[in-house]
Amino acid sequence: MEMTSVQAAVLREENGAFQIEELQLAAPRELEVLVRIVATGMCHTDAAVRSRDIGTPLPVVVGHEGAGVVVAVGSAVRKVAPGDHVVLTFNSCGQCAACLSGELAKCELSFPLNLSGARLDGSHALQCAHGEIHDQFFGQSAFATYALAQERNTVKVPHDVPLELLGPLGCGIMTGSGAVLNSLRVGPGQSLVVFGSGAVGLAAVMAARVAGATTIIAVDIVTSRLDLALELGATHVIDSHDGDLVARIMDITGNGADFTLDTTGRADVMQMAVAGLRIGGTCGILGVSPPGTSLAIDTNLFIGMSRQLRGILAGDSVPDVFIPQLIALYRQGRFPFDRLIRFYTLADINQALADSEAGIAIKPVVRVG
Ligand SMILES: [Zn+2]
Ligand SMILES: [Zn+2]
């Protein structure tokens, strides 16, 4: 099989615009899958490469919430075949202790596999006429008309659900819902406070309703997002302009929440998330902070009150199992994540980024095909 010509959105400089360029994509190796991308969600991690908070080398093609149709597979691929609909997710090695224990988000090779901008052996699948392009971002680089994924980060999905909706299940939506359902294991009758009502936070709100939580509090500064949170399952909302947030949480819950989740990456918000817990409660942090962010917390909040604070990556998800579960919930109307999506064309990808950063679009999805 020969090289495939692709249109891709390339980031060439810090804080620069995406530039649409024609590149060449290699044929799949043994364990690789060539996917015609239909649509790709935009996530904060893409923006963090552009701003250099994440140091994946430039120039690079990012995009890590791809959804598309398999075109060709390498000789050793067994999971998918040409014609299959797939969602692309984070990559993992499959051989380290964490992977063998089913804890794929804790893979020892997570950094080089997802963020190094190359395959593990340093090679690239994408080529440009004048020099090197970094690729394999989350094992996909999906802001392109075709992507070369790995079998391990390719998830087969049913044909009867609109493929253009499904990309965000590979990262942002899985992260928020997985934190609630897989990591914290929020249960019936319990309480959860979600700080930040972006795509990750609203996915957590929807998942908490699925889990049977009876007090679900969404916190944000944008009124329209709080209104949406109420429609998606929040029982209470708090505008963070409204005075003492911890006192409001105590008013609503009586003695603090069973669980809190920070999706903002802000240290001051994480401090409130810990302070809003009941005795024995657990705070999960999902938001990526700027490098060097540190947290000052009274340690007696942990010892005296048996509280826990834990970082959660990718919602502790096993994507091949969890993404089909989320699709089943969506089909039943119990997980309407499509309400978060706003579509853009590949030519409008810079607008998608601007609208995401301005809070106009909760989950931009770029129709690539
Ligand atoms: Zn691993
Ligand atoms: Zn992401």
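The numbering scheme is per chain: residues are counted from 1 as the chain's sequence reads. Throughout, the order in which chains and ligands are written sets their labels, letters from A for the former and numbers from 1 for the latter. For a predicted model such as this one, the threshold for reporting local features is a pLDDT of at least 70, and the threshold for listing and counting side-chain atom pairs is 80 or more; totals across whole chains, interfaces and linings nevertheless cover every residue.

**Student:** Would you explain the overall build of the chain in this entry?
**Tutor:** Under the scheme used here, helices are H or I runs from DSSP no shorter than 4 residues and strands are E runs no shorter than 2 residues, and both carry numbers assigned from the N terminus. A count of helical and extended segments in the chain gives 12 helices and 17 strands. Both definitions apply: the radius of gyration is a C-alpha atom measure, and the globule rule equals 2.2 Å times residues to the power 0.38. Computed over its C-alpha atoms, the radius of gyration of the chain comes to 20 Å, within 12% of the 21 Å expected for a compact globule of 369 residues. Along the first, second and third principal axes, the C-alpha set of the chain runs to 65 × 40 × 35 Å. We call a residue exposed when 12 or fewer other C-beta atoms sit within 10 Å of its C-beta, buried when the count reaches 20 or more, and partly exposed for counts in between; the C-beta positions come from the backbone. Residues counted as buried form 49% of the 369 residues belonging to the chain. When contacts within the chain are restricted to residue pairs at least 6 apart in sequence, long-range pairs at least 24 apart make up 69% of them. Contacts are defined on C-beta atoms placed from the backbone: any two residues whose C-beta positions lie within 7 Å are in contact.

**Student:** Which parts of the structure should I look at to understand the pairing of strand S10 (residues 191-195)?
**Tutor:** Taken residue by residue, a regular strand's side chains alternate between the two faces of the sheet. Of all five residues making up S10, five are buried, and the element is well covered by its neighbours. Here S10 shows a buried face lined by Ser191, Val193 and Phe195 and a second buried face lined by Leu192 and Val194. We call two strands paired when DSSP finds no fewer than two bridges between them. Looking at chain direction, S10 and strand S11 (residues 215-220) are connected through five bridges and run parallel. When the sheet's bridge partners are listed, valine 194 is paired in S11 with alanine 218. Note on the crossover from S10 through helix H6 (residues 199-211) to S11: the handedness is right-handed. Relative to strand S13 (residues 257-262), S10 is paired through four bridges, and the arrangement is parallel. Its bridge partner lying in S13, valine 194 is registered against leucine 261. When the strands point away from the viewer and the connection leading from the first strand across the helix to the second strand turns clockwise, the crossover is called right-handed.

**Student:** Can you help me understand the domain arrangement of the chain in this one?
**Tutor:** It is common to give the size of an interface as the accessible area lost on bringing the parts into contact. For each domain, the first and last residues come from an automatic or database assignment. Domains assigned within the chain are domain 1 (4-170 + 336-367) and domain 2 (176-313). Taking the mean C-alpha position of each, domain 1 and domain 2 sit 29 Å from one another. Taken together, the contact between domain 1 and domain 2 spans 12 residues of the former and 11 residues of the latter. Within the side of domain 1 that touches domain 2, the residues separate by chemical class into seven nonpolar, two polar and three charged. In this classification, Asp, Glu, Lys and Arg are treated as charged, Ala, Val, Leu, Ile, Met, Phe, Trp, Tyr, Cys and Pro as nonpolar, and every other residue, Gly included, as polar.

**Student:** I would appreciate a short explanation of the sheet that holds S13 in the present structure.
**Tutor:** Sheet strands pair by backbone hydrogen bonding; their relative direction is either parallel or antiparallel. Read from one edge of the open sheet, six strands run S12-S11-S10-S13-S14-S15, paired in parallel fashion. Among the strands making up the open sheet, the edge pair consists of strand S12 (236-239) and strand S15 (308-311). Sheet twist, expressed as the average angle between the axes of neighbouring strands with direction ignored, equals 15°. The pairing of strand S14 (residues 277-285) with S15 spans four bridges and is parallel. The residue of S15 that forms the bridge with threonine 282 is glutamine 308. Fitted lines through C-alpha atoms give the axes, limited to the stretch in contact for helices. The angle between two N-to-C directions lies from 0 to 180 degrees.

**Student:** Before we go on, may I ask you to explain helix H8 (residues 245-253) in this structure?
**Tutor:** Because the α-helix completes a turn every 3.6 residues, residues three or four places apart line up on one side. Residues Leu245, Ile249 and Thr253 constitute the buried set of H8. The buried side chains of H8 occupy one side of the element, clustering within an arc of 60° when seen end-on. Turned more than 90 degrees off the buried face of H8, the exposed positions are Ala247 and Asp251. Considering only its buried residues, H8 is in contact with S10, S11, S12, S13 and helix H9 (267-275). Within two residues after H8, glycine 254 carries a phi angle of roughly 90°, on the positive side. Directions from the helix axis toward the C-beta atoms define the arc.

**Student:** What exactly am I supposed to notice about H6 here?
**Tutor:** Helix length check: H6, at 13 residues, gives a terminal C-alpha distance of 18 Å against a target of 18 Å (1.5 Å per residue), a fit within 8%. Of the surrounding elements, those touching the buried residues of H6 are helix H5 (172-183), S10, S11, helix H7 (223-232), S13 and strand S17 (363-367). At the C-terminal side of H6, glycine 212 shows a positive phi close to 90°. Helices are assigned an expected span. That span is 1.5 Å times one less than the residue count.

**Student:** It is not clear to me how the packing of H5 against H6 should be interpreted in this structure. Could you clarify?
**Tutor:** The geometry of a pair of packed helices is captured by two quantities: the angle between their axes and the separation between those axes. Contact pair H5 / H6: the axes reach a minimum separation of 7 Å and the direction vectors enclose 40°. It follows from the interaxial angle that H5 and H6 lie oblique. When the axes of H5 and H6 are compared, the crossing they make is right-handed. Within the contact between the two elements, H5 uses Gly172, Ile173, Thr175, Gly176, Ser177, Ala179, Val180 and Leu181 and H6 uses Ala199, Val200, Gly201, Ala203, Ala204, Met206, Ala207, Ala208 and Ala211. Residue composition of the contact of H5 with H6, by class: 12 nonpolar, five polar and no charged. With respect to orientation, any angle under 35 degrees is reported as roughly parallel, any angle over 145 as roughly antiparallel, any angle of 65 to 115 as roughly perpendicular, and every other angle as oblique. Note on convention: near helix rotated counterclockwise from far helix by under a right angle means a left-handed crossing. Clockwise means right-handed.

**Student:** Just checking my understanding: could you explain the sheet that holds strand S1 (residues 4-11) for this structure?
**Tutor:** One open sheet accounts for four strands, arranged S1-S2-S6-S7; its pairing is antiparallel. Whereas interior strands pair on both sides, the edge strands pair on one side only; in this sheet they are S1 and strand S7 (131-132). Both strand S2 (residues 18-25) and strand S6 (residues 126-128) contribute to a ladder of two bridges, which runs antiparallel. Counterpart to leucine 25 in the pairing with S6 is leucine 126.

**Student:** I'm lost on unusual backbone geometry in this one. Help?
**Tutor:** Excluding glycine, a negative phi dihedral is what most residues carry, and trans is how most peptide bonds are arranged. With an omega dihedral of -10°, the bond running from leucine 58 to proline 59 counts as a cis peptide bond. When you line up the elements, proline 59 lands in the loop between helix H1 (44-50) and strand S4 (66-73). Residues other than glycine seldom take positive phi values, yet phenylalanine 138 does so here, at roughly 50°. For phenylalanine 138, the location among the structural elements is in the loop between S7 and strand S8 (146-150). Backbone geometry at aspartate 316 places phi at a positive 45°, although glycine is not the residue there. Considering the arrangement of structural elements, one finds aspartate 316 in the loop between S15 and helix H11 (319-331).

**Student:** I tried to follow the pairing of S1 on my own but got confused; where do I start?
**Tutor:** Relative to S2, S1 runs antiparallel, the two sharing eight bridges. Along S2, the bridge assignment pairs alanine 8 with glutamate 21. The hairpin turn running from S1 into S2, its antiparallel successor, is six residues long, and asparagine 15 in that turn takes a positive phi close to 60°.

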